[in-house]
Amino acid sequence: MTGGELRTEGLGRRFGGLVAVEDVSVTFAAGEVSCVIGPNGAGKSTLLNMICGAIAPSAGRILFDGKPVEGLSRHAIARAGIARKFQVPSVFGSLTVAENLAVAGGGDAEAVMARTGLAAERDTRADVLAHGKKQWLEIAMGLIRRPRLLLLDEPTAGLSPEETQAVADLLLSLRGTCTVVVIDHDMHFVRALSARTVVMHQGRLVAEGDFSAIERDPMVRDIYLGRA
Ligand SMILES: Nc1ncnc2c1ncn2[C@@H]1O[C@H](COP(=O)(O)OP(=O)(O)OP(=O)(O)O)[C@@H](O)[C@H]1O
């Protein structure tokens, strides 16, 4: 493992008069899995969008292994080793699993298929894969370029409990090889990861710690119950 630490300092983003993310300073340690949780509209996706260069910050800094990456293009950020998987699977339906990985390019497709349990489906067209396997394929497409940081937005949306557990196991198996930051609403999944968890609310970082402590935090409970 060579690096992969992502740090933000005073990061903010406004959309007109709306403050989507405000003054977020957070460190995602190299080689660890971290979760970002929070109610709808908390600013989680905007945070990941800024880190991967999809949108520019209005304020603050983003440091990847100590080097500033805020304001760089998405391609430059991808080249620096940051990969992003979006909420909706965006694989090429008419291509097979192996062909999708070839299009994503640049790495050892066999090793990635073995690691993600897709080897048996290598010649299956992506549009006939089960929804869970499509999500896996997209994670595999993110991994093939051997990123040092993988950003995932709700990788378990629409998955069965067994598939959700399998995604948690896959992400945990990446520990030490790749930094993983995952947004999710599914508390079973976040509990299964049992990782360091960052809580956002109304654009701000309001709590961080082990999920077991976060889960017991009365303020976090109030946020989820709409009382804060
Ligand atoms: N491109 C945009 N233009 C205007 N407002 C936006 C834009 N993107 C996000 N917002 C607003 O910024 C706030 C934060 O949104 P964001 O999608 O980051 O939250 P989230 O925590 O990811 O929510 P969810 O869990 O529902 O995906 C919301 O009020 C949202 O409406």
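Scroll up to find the structure this text is about.
Since this is a predicted model, take the numbers as computed values, not measurements. Every residue gets a number counted from 1 within its own chain, in the order that chain's sequence is written. With the structure being a predicted model, the display of local features is reserved for residues of pLDDT at least 70 and the display and counting of side-chain atom pairs for 80 or more, all residues being used for whole-chain, interface and lining totals. As a rule here, side-chain values come from all non-hydrogen atoms in the structure, and water together with hydrogens is ignored.

Moving on to the overall build of the chain. If you tally the helices and strands in the chain, you get nine helices and ten strands. The C-alpha radius of gyration computed for the chain amounts to 17 Å, which stays within 12% of the reference 17 Å derived for 228 residues, consistent with globular compactness. Seen through its principal axes, the chain has C-alpha atoms that stretch 50 × 35 × 35 Å. A simple rule labels every residue: compare its accessible area, found with a 1.4 Å probe on the protein chains alone, to the largest value its type can have, and call it buried under 20%, exposed over 50%, or partly exposed in between. For the chain, the residues scored as buried account for 46% of the 228 residues in total. By the convention used here, residues are in contact when the closest approach between their heavy atoms is within 4.5 Å. Put simply, 66% of the contacts in the chain that link residues at least 6 apart link residues at least 24 apart. Per-residue and other accessible areas were derived by the Shrake-Rupley procedure at a 1.4 Å probe size, with only the shown protein chains allowed to occlude residues. For the chain, the computed accessible surface area is about 10300 Å², with 51% contributed by carbon and sulfur atoms. Helix and strand labels come from DSSP, where a helix needs a run of H or I of at least four residues and a strand needs a run of E of at least two; each type is numbered from the N terminus. Within these notes, the globule rule equals 2.2 Å times the number of residues to the 0.38 power, and the radius of gyration is based on C-alpha atoms.

Its location among the elements puts A168 in helix α6 (residues 161-173). If near-sequence neighbours (up to four positions away) are discounted, A168 is found in contact with F189, A192 and L193.

Here the focus is the nonpolar core. In this structure, L101, L137, L150, L171 and L193 are the most contacted members of the largest nonpolar core, which totals 41 residues. Only buried residues count toward a nonpolar core. Its members are Ala, Val, Leu, Ile, Met, Phe, Trp, Tyr and Cys residues joined through side-chain atoms within 4.5 Å. Ranked by size, the runner-up nonpolar core spans 24 residues in total, among them F28, I51, I62 and F64.

Now for the packing of helix α5 (residues 131-143) against α6. Any two packed helices are characterised by the angle at which their axes cross and by the distance between the axes. Lines fitted to C-alpha atoms define the axes here, with helix axes fitted over just the stretch in contact, and angles between the N-to-C directions of these axes take values from 0 to 180 degrees. Relative to each other, α5 and α6 sit at 15°, their axes nearing to 10 Å. Looking at the two axes, α5 sits roughly parallel to α6. Between α5 and α6 lies a crossing whose hand is right-handed. Here G132, W136 and I139 of α5 lie close against α6, whose contacting residues are E163, A166, V167 and L170. Across the contact of α5 with α6, the residue classes tally to five nonpolar, one polar and one charged. For this classification, under 35 degrees means roughly parallel, over 145 means roughly antiparallel, 65 to 115 means roughly perpendicular, and everything else is oblique. Crossing chirality is assigned from the near helix's rotation relative to the far helix, an anticlockwise turn below a right angle marking it left-handed and a clockwise turn marking it right-handed. The residue classification treats Ala, Val, Leu, Ile, Met, Phe, Trp, Tyr, Cys and Pro as nonpolar and Asp, Glu, Lys and Arg as charged. All others, Gly included, are polar.

Quick look at the layout of surface pockets now. Quantified by volume, the largest pocket comes out at close to 750 Å³. Lining the largest pocket are 22 residues, with A78, I82, A83, R84 and R145 sitting closest to its centre. For the lining of the largest pocket, the secondary structure elements donating two or more residues are α2 (74-79), β6 (82-85), α3 (97-104) and α5. Broken down by element, the residue count for the lining of the largest pocket peaks at five residues, all from α2. Looking at the lining of the largest pocket, its residues break down into eleven nonpolar, four polar and seven charged. In the cavity and pocket records, a cavity denotes points on a 1 Å grid over the protein atoms alone where a 1.4 Å probe fits but cannot get out, a pocket denotes an open set with protein on both sides within 12 Å along at least 5 of 7 lines, and lining residues are residues with an atom within 4 Å of a point. Grid points are joined across faces, edges and corners, and a volume is the space filled by probe spheres set on the points.

Turning next to helix α1 (residues 44-51). With seven of its eight residues buried, α1 lies for the most part within the structure. Within α1 the residues assigned to the buried category are K44, T46, L47, L48, N49, M50 and I51. Looking one or two residues past α1, G53 carries a phi angle of roughly 85°, positive in sign.

Turning our attention to the site of the ligand. Residues in close proximity to the ligand include F15, L18, A20, P39, N40, G41, A42, G43, K44, S45, T46 and H185, which together make up its full environment. Whenever two N or O atoms come within 3.5 Å, that pair is a polar contact, provided that in protein one can donate a hydrogen and the other can accept it, and provided that, for residues adjacent in sequence, both atoms are side-chain atoms. At a separation of 2.7 Å, an oxygen atom of the ligand approaches a polar side-chain atom of K44. Protein contacts shield 60% of the accessible area of the ligand, which totals 640 Å² for the unbound molecule. For the shell around the ligand, the secondary-structure elements that each account for two or more residues are β2 (18-28) and α1. Ranked by residues supplied to the shell around the ligand, first place goes to α1 with three residues. Residue composition of the shell around the ligand, grouped by class: five nonpolar, six polar and one charged. Consider each residue's heavy atoms; a residue with any of them within 4 Å of a molecule or strand counts as near.

Interpretation note: all reported values are geometric properties and have no functional meaning in isolation.
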